[in-house]
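Fold and contact review
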Amino acid sequence: MALFDSLLRKCATFKHIKQLQAHLIISSDFQNQGYRGKFLDYCAVSPAGDVCYAEAIFRQIENPQTNDWNAIIRGLAQSDDPKRAAEWYAAMSRQAHKPDALTCSFALKACARVLALVEGREIHGQFIRLGFEADVLLQTTVIDLYAKCGKLDEAQRLFDEIPRRDVPTWNALINGLAQGSRARDALVLFHQMRSSGVWPDEITVVGALAACSQLGALTEGNSVHSYACEVQLDSNVRVCNALIDMYGKCGDVDRACRVFNQMDRRSLVSWNTMIMGLAMHGRGRQAVDLFSKMACSGIQPDAVTYLAALCACNHGGLVDDGLRIYHEMVKHGVTVNVKHYGCLVDLLGRAGRLQEAHTMIRSMPLVPDAVLWQSLLGACSMYGDVELAELASEKLREMGSNSDGDYVVMSNVYAAYKRWDDVGRVREVMKSKDVKKVPGFSFIEVDGAIHKFVNGDRSHSYSKEIYAKLDEINIRIKAFGYAPRTSFVLHDIGEEEKENVVFYHSEKLAIAYGLICLKEGSPIRVIKNLRICGDCHEVFKLVSNIYGREIIVRDRARFHHFKEGSCSCNDYW
């Protein structure tokens, strides 16, 4: 067997594998289950092998054993078509040789890859009936499946039932929570893992940093970074990539740059994450320069790199650079997708080149999505092109888009030209279609705790102080010439009520709380689920100057850094 193992390891090409197969057949060793199982496994899994060829060999076996089935199921689980592994598992279950724990593990991993929850549940039920429920590896794989499929409560229940948990077990749930909608729970579990005496590894740290990125929890992110340094994971490429992403999304792009610059070795993901981080913070020129330096690093840009570079040009208004990068992308044969076109349409539209933007939508080889028409509609609103705005609005209706923002923008286009009948018509359509405004909410981190605010929120324990601070802000900014921007409020209410609507937006409540609780001179960082509105943008510029505080707002599109009365976006967003 030792000689056979040595021969197997020397099979560097598919031709070598076929030669070894011929040797096994001639020597009659192919009938030996041990030899055959190892050969099939190598053929199905190794880079030199071919899982389809392994399947063809399997079909010629008169009485396949469990190891033979496992080899094929394992190979398919790792292939480009992992769902077939579940199909083979089902076929095996109907045979005399029943699955063992390894079979279940391979099939469950395949289900987790393709989010095949129904098939995964069946396998879970079967391995319990087969008596494998005490197998920690299997339990971990099931937790990973349920977590990836969004069944976080079931994953948590299984995790709680395991008496002895190892590092994969913890990682499965932490990463599932981080990727799902329970980032806070992921961080709680990370701390529980450390206090339980189990040392988080690279995968755990990456999951915890992903949770920090979602929440904008910079203090927590710093803590995870400190742990990574403590256990010497701070030079790990995957961890560094996660740190760059976390610092970028938590508003500290300078720290992200320091992590990137200190890396001894950078992957494609490292470059992509850093370029996109700079783009989101409005540092377009710096991002484009970094994109140019990437060519000297020996790593070729992919579609994600080009998207990051185009986003940088879009947020920075770098039209010529954006068009140059697009043509370079086409020249190098990188597939242009709808997101790339979306960046270009937005870039041209914001620059006032509306007809070029419209031509790009009409001439692109892909079917335009709603985002492209929304970008054009927004640009038409900015430059007052009613005819083109109506065309974009009609396209959105044809596509079934029912976004409240589409109606607000179209109403503003009409209102700018005092076409009040058309404004009224837009409102009536909204009512008839029961268009609901997406509720705005914002997060702010204070002393390591995340506080959430919704528009007009009075549920916070500091509510009285927050509204008193807002009254103070209102008085002080009006002395600097502030006038509420209420044009986007479509409700049939008086002007005073409209002013209240805009002045109690969730991000203003969060900023007021930050002014109350954060120490003098420290930045105020806020995350918002929607785009920041024009009124909030104007208010924060004034607040940053009057109160001498840097305000960093991450909305759904980008970051805004308000300092000394101006914003990093230069009012271009």
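A brief report on the enclosed structure follows. Here the structure is a predicted model, which means the values were calculated and not measured. (Residues numbered from 1 in each chain as written. Predicted model: local features only at pLDDT ≥ 70, side-chain atom pairs only at ≥ 80, totals over all residues. Heavy atoms only, no water.)

Some thoughts on the pattern of salt bridges
Tallying each qualifying case throughout the model produces 28 salt bridges. One salt bridge connects glutamate 328 with arginine 324, and the closest N-O pair in it is separated by 3.9 Å. Linking glutamate 328 with arginine 324, this pair stays in helix H20 (residues 319–331), spanning 4 residues, or about one helical turn. When its relative accessible area of 25% is taken as the criterion, glutamate 328 is described as partly exposed. (Salt bridge = Lys/Arg side-chain N within 4 Å of Asp/Glu carboxyl O. Helix = DSSP H or I, 4+ residues; strand = E, 2+ residues; numbered from the N terminus. Buried < 20%, exposed > 50% of the residue type's maximum accessible area, 1.4 Å probe, protein only.)

A short note on the sheet that holds strand S2 (residues 449–454)
Sheets are built from strands paired through backbone hydrogen bonds, the pairs being either parallel or antiparallel. The sheet built from 6 strands is open, its strands ordered S2-S1-S3-S4-S5-S6 with mixed pairing. With partners counted over all chains shown, the strands left at the sheet margins are S2 and strand S6 (566–567), one partner each. Here strand S4 (residues 551–554) runs beside strand S5 (residues 559–563); their pairing, made up of 4 bridges, is antiparallel. Paired with arginine 554 across the two strands is phenylalanine 559, which belongs to S5. Against the sheet, helix H30 (residues 534–546) touches S4, S5 and S6, its axis set at about 40 degrees to S5. (Pairing = 2+ DSSP bridges. Contact = heavy atoms within 4.5 Å. Axes fitted to C-alpha atoms, helices over the stretch in contact; angles between N-to-C directions.)

Focus on the nonpolar core
A general tendency of soluble globular proteins is for nonpolar side chains to be buried together. Counting 149 residues, the largest nonpolar core has Ile73, Ile143, Val205, Met246, Met274, Ile325 and Leu376 as the members making the most contacts within it. Beyond its immediate stretch of four places on either side in the chain, methionine 246 contacts Leu209, Cys212, Ser213, Leu218, Gly221 and Asn222. Listed in part, the 34 residues of the second largest apolar core include Ile473, Tyr504, Tyr513 and Val553. (Core = buried A, V, L, I, M, F, W, Y, C linked by side-chain atoms within 4.5 Å.)

Digging into the state of the cysteines
On inspection of all chains with the given rule, the structure shows 0 disulfides. As a non-bridged cysteine, cysteine 311 has cysteine 343 as the owner of its nearest cysteine sulfur, 3.4 Å distant. (Disulfide = S-S within 2.5 Å.)

A look at the side chain of serine 93
Mapped onto the secondary structure, serine 93 falls in helix H6 (residues 83–93). Within the structure, serine 93 has its side chain in polar contact with the backbone oxygen of tyrosine 89 (distance 2.9 Å). Every residue in contact with serine 93, bar those within four places of it in the chain, is listed here: Lys98, Pro99 and Gln126. (Polar contact = N/O pair within 3.5 Å; in protein donor to acceptor, adjacent residues only side chain to side chain.)

Digging into the pairing of strand S3 (residues 524–528)
The buried count for S3 comes to 4 of 5 residues, which makes it a mostly enclosed element. The sheet contact formed by strand S1 (residues 441–446) and S3 spans 3 bridges and is antiparallel. Pairing of phenylalanine 443 across the sheet is with isoleucine 527, part of S3. Pairing geometry for S3 and S4, over 4 bridges, is parallel. Opposite isoleucine 527, over in S4, you have arginine 554 as the bridge partner. In the classification by handedness, the crossover that spans S3, the intervening H30 and the parallel S4 is right-handed. (Right-handed = clockwise from strand over helix to strand, strands pointing away.)

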